[in-house]
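Each chain is listed here by its residues.
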Amino acid sequence: MKPMGIILASASPRRRQLLELVNLPFEVVPSSSEDAPRADEQPAEYALRAAREKALDVAHRHCNKPVLGADTVVEIEGRILGKPSSAGDAREMLKALSGRRHLVHTALALVARSECSSVIDTTEVCFLPLDEAVIRWYVPVSYTHLRAHETVLVISYDVFCL
């Protein structure tokens, strides 16, 4: 019997890769949900709300299959480290993370049969110290291959974390 597929409410190459690793059939339908933190919203709460909103947004249009939404938020000293909009922003983000501990909140929400279940996991991460030369070399090399957010939040974690 062929396993039932799901809908991934994300265009993230990393999320796609993770589902492929577990050999789960899926199709990608990116959410049109705007995900910006609300005033005074804690980073973990924001990640959970954003994951739910993405899943619910797509589920309203595709109610025939389970829909998985996800969001990842980096928190440093109580503030959300947002998506860099340029290579310069990516360099500044790497400088802020360099040699420091910070939190990464990853939330998942699954909508199936009109019900939404969600979970969040928080991981403390320690970045290796990065000198200016490494940052200057790394950002142009990696920035051209992926979106800015994934450059910093995916490749950098694979390379620069303890």
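Further up the page is the structure itself.
Residues numbered from 1 in each chain as written. Predicted model: local features only at pLDDT ≥ 70, side-chain atom pairs only at ≥ 80, totals over all residues. Heavy atoms only, no water.

Broken down by element type, the protein chain carries 5 helices and 6 strands. Counting over 162 residues, the protein chain shows a buried share of 42%. When contacts within the protein chain are restricted to residue pairs at least 6 apart in sequence, those whose partners lie at least 24 apart make up 61%. When the accessible surface of the protein chain is split by element, carbon and sulfur atoms take 54% of a total near 9200 Å². (Helix = DSSP H or I, 4+ residues; strand = E, 2+ residues; numbered from the N terminus. Buried < 20%, exposed > 50% of the residue type's maximum accessible area, 1.4 Å probe, protein only. Contact = heavy atoms within 4.5 Å. Areas by Shrake-Rupley, 256 points an atom, 1.4 Å probe, with all protein chains shown as cover.)

So, on to the pattern of salt bridges. Scanning the model with the defined rule gives 9 salt bridges in all. For Glu27, the salt bridge is made with Lys65, and the minimal N-O distance between the two is 3.1 Å. Remark: Lys65 occurs in the loop between helix H2 (43-61) and strand E3 (67-76) and Glu27 occurs in strand E2 (residues 26-28); sequence separation between them is 38 residues. Where Arg49 meets Glu41, a salt bridge forms, and the shortest distance between an N and an O atom there is 2.7 Å. Residue classification places Arg49 among the buried residues on the basis of a relative accessible area of 12%. (Salt bridge = Lys/Arg side-chain N within 4 Å of Asp/Glu carboxyl O.)

So, about the side chain of Ser12. Along the chain, Ser12 turns up in the loop between strand E1 (6-8) and helix H1 (13-21). With a relative accessible area of 3%, Ser12 lands in the buried category.

Here we come to the nonpolar core. Counting 16 residues, the largest nonpolar core has Ile7, Ala55, Val58, Val67 and Ala107 as its most contacted members. When residues of this core are traced back to their parent elements, those giving at least two are H2, E3 and strand E5 (101-112). Excluding anything up to four places from it in sequence, Val67 contacts Ile7, Ala9, Ala55, Val58, Ala59, His62, Ala109, Leu110 and Val111. Counting residues in each nonpolar core, the second largest holds 14 residues, with Ala90, Val104, Phe127 and Leu130 among its members. (Core = buried A, V, L, I, M, F, W, Y, C linked by side-chain atoms within 4.5 Å.)

All right, on to unusual backbone geometry then. Within the chain, Asp40 stands out as a residue other than glycine whose phi angle is a positive 65°. Tracing the backbone through its elements, the reader meets Asp40 in the loop between E2 and H2. Its identity is not glycine, yet Glu77 carries a phi of approximately 55°, on the positive side. With respect to the secondary-structure elements, Glu77 resides in the loop between E3 and strand E4 (79-81). Exposure remark for Glu77: the relative accessible area of 68% places this residue in the exposed category.

Backbone nitrogen of Arg14 and a side-chain oxygen of the N-cap are separated by 3.3 Å at the start of H1; the cap is Ser12. Once H1 ends, the next one or two residues include Asn23, with phi positive near 60°. (Polar contact = N/O pair within 3.5 Å; in protein donor to acceptor, adjacent residues only side chain to side chain.)

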